[in-house]
Amino acid sequence: PKGRDEILDMVSEMHVRYGITVILVSHSMEDVAKYVDRLIVMNQGEVRFDGRPVEVFHHYKELEEIGLAAPQTTYLMQELKKRGADVNTDATTVEEAADAIEAWLKASK
């Protein structure tokens with residue numbers, strides 16, 4: 001994973017620095033959540049979802065039906081919401097989830 005992250009960080013930097021389009025093909029939704037601006041989910045040759053990762057990950061149950069799992073943070077935030085925490089369920093990365101949980105904790109004091 002460390003080597004993968006280093007390579008994806010370099011590709012991401014090239015995207016930002018040079019404005020090049022990069023197509024990332026992956027079954028790792030953790031990578032997708034961290035690195036992409038647009039996510040196209042295909043199944044059996046058909047486009048099932050097309051949008052920003054946060055929009056697509058709101059369909060985590062449908063993703064499971066086709067054999068994909070949303071990032072673990074998606075499940076965590078949804079579970080916190082079900083249990084009464086007023087958290088932002090748009091968090092898709094660990095950093096975003098930590099920020100959302102911190103904001104909820106501060107607001108609930």
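Preceding this paragraph is the structure being described.
Residues numbered from 1 in each chain as written. Predicted model: local features only at pLDDT ≥ 70, side-chain atom pairs only at ≥ 80, totals over all residues. Heavy atoms only, no water.

A. Just the overall build of the protein, in detail. The helix and strand tally for the protein stands at six helices and two strands. Secondary structure elements in the protein, listed N-terminal to C-terminal, are α-α-β-β-α-α-α-α. Seen through its C-alpha atoms, the protein measures out along the principal axes to roughly 45 × 35 × 25 Å. Going through the 109 residues of the protein one by one, you find that 30% of them count as buried. A fraction of 28% describes how many contacts in the protein between residues 6 or more apart in sequence connect residues 24 or more apart. Counting only carbon and sulfur atoms, one obtains 53% of the accessible surface of the protein, whose full area is about 7,700 Å². (Helix = DSSP H or I, 4+ residues; strand = E, 2+ residues; numbered from the N terminus. Buried < 20%, exposed > 50% of the residue type's maximum accessible area, 1.4 Å probe, protein only. Contact = heavy atoms within 4.5 Å. Areas by Shrake-Rupley, 256 points an atom, 1.4 Å probe, with all protein chains shown as cover.)

B. Spatial organisation of the pattern of salt bridges. Under the definition given, this model contains eight salt bridges. We note a salt bridge from Lys81 to Asp86, for which the minimum N-O separation is 3.3 Å. According to the relative accessible area criterion, Lys81 is partly exposed, its value standing at 37%. The class for Asp86 is exposed, based on a relative accessible area of 59%. The structure contains a network of salt bridges with shared partners spanning Arg4, Asp5 and Asp31. (Salt bridge = Lys/Arg side-chain N within 4 Å of Asp/Glu carboxyl O.)

C. Summary view of a negative patch on the surface. Residues Asp90, Glu95, Glu96 and Asp99 make up a contiguous surface patch of negative charge. Its place among the elements puts Asp90 in the loop between α5 (72-82) and α6 (94-107). Among the residues examined, Asp90 registers a relative accessible area of 37% and is labelled partly exposed. (Patch = residues over 30% accessible without salt bridge, like charges linked within 9 Å, V, L, I, M, F, W, Y side chains within 5 Å. Lys, Arg positive; Asp, Glu negative; His and termini not counted. Charge placed at Lys NZ, Arg CZ, Asp CG, Glu CD.)

D. Structural view of the pairing of strand β1 (residues 39-43). Judged from the five bridges that link them, β1 and strand β2 (residues 46-51) form a sheet pairing that is antiparallel. Its bridge partner lying in β2, Met42 is registered against Val47. Between β1 and β2, which pair antiparallel one after the other, the connecting turn spans two residues, and Gln44 there sits at a positive phi close to 55 degrees. (Pairing = 2+ DSSP bridges.)

E. The arrangement of α5 in detail. Every buried residue of α5 is listed here: Thr73, Thr74, Met77 and Gln78. The arc that holds the buried residues of α5, viewed along the axis, is 135 degrees, so those residues lie on one side. Across from the buried face of α5, at angles greater than 90 degrees, the exposed residues are Gln72 and Lys82. In the core, the buried residues of α5 are packed alongside α3 (53-57), α4 (60-65) and α6. In the stretch just after α5, Gly84 is the one whose phi turns positive, near 100 degrees. (Arc of directions from axis to C-beta.)

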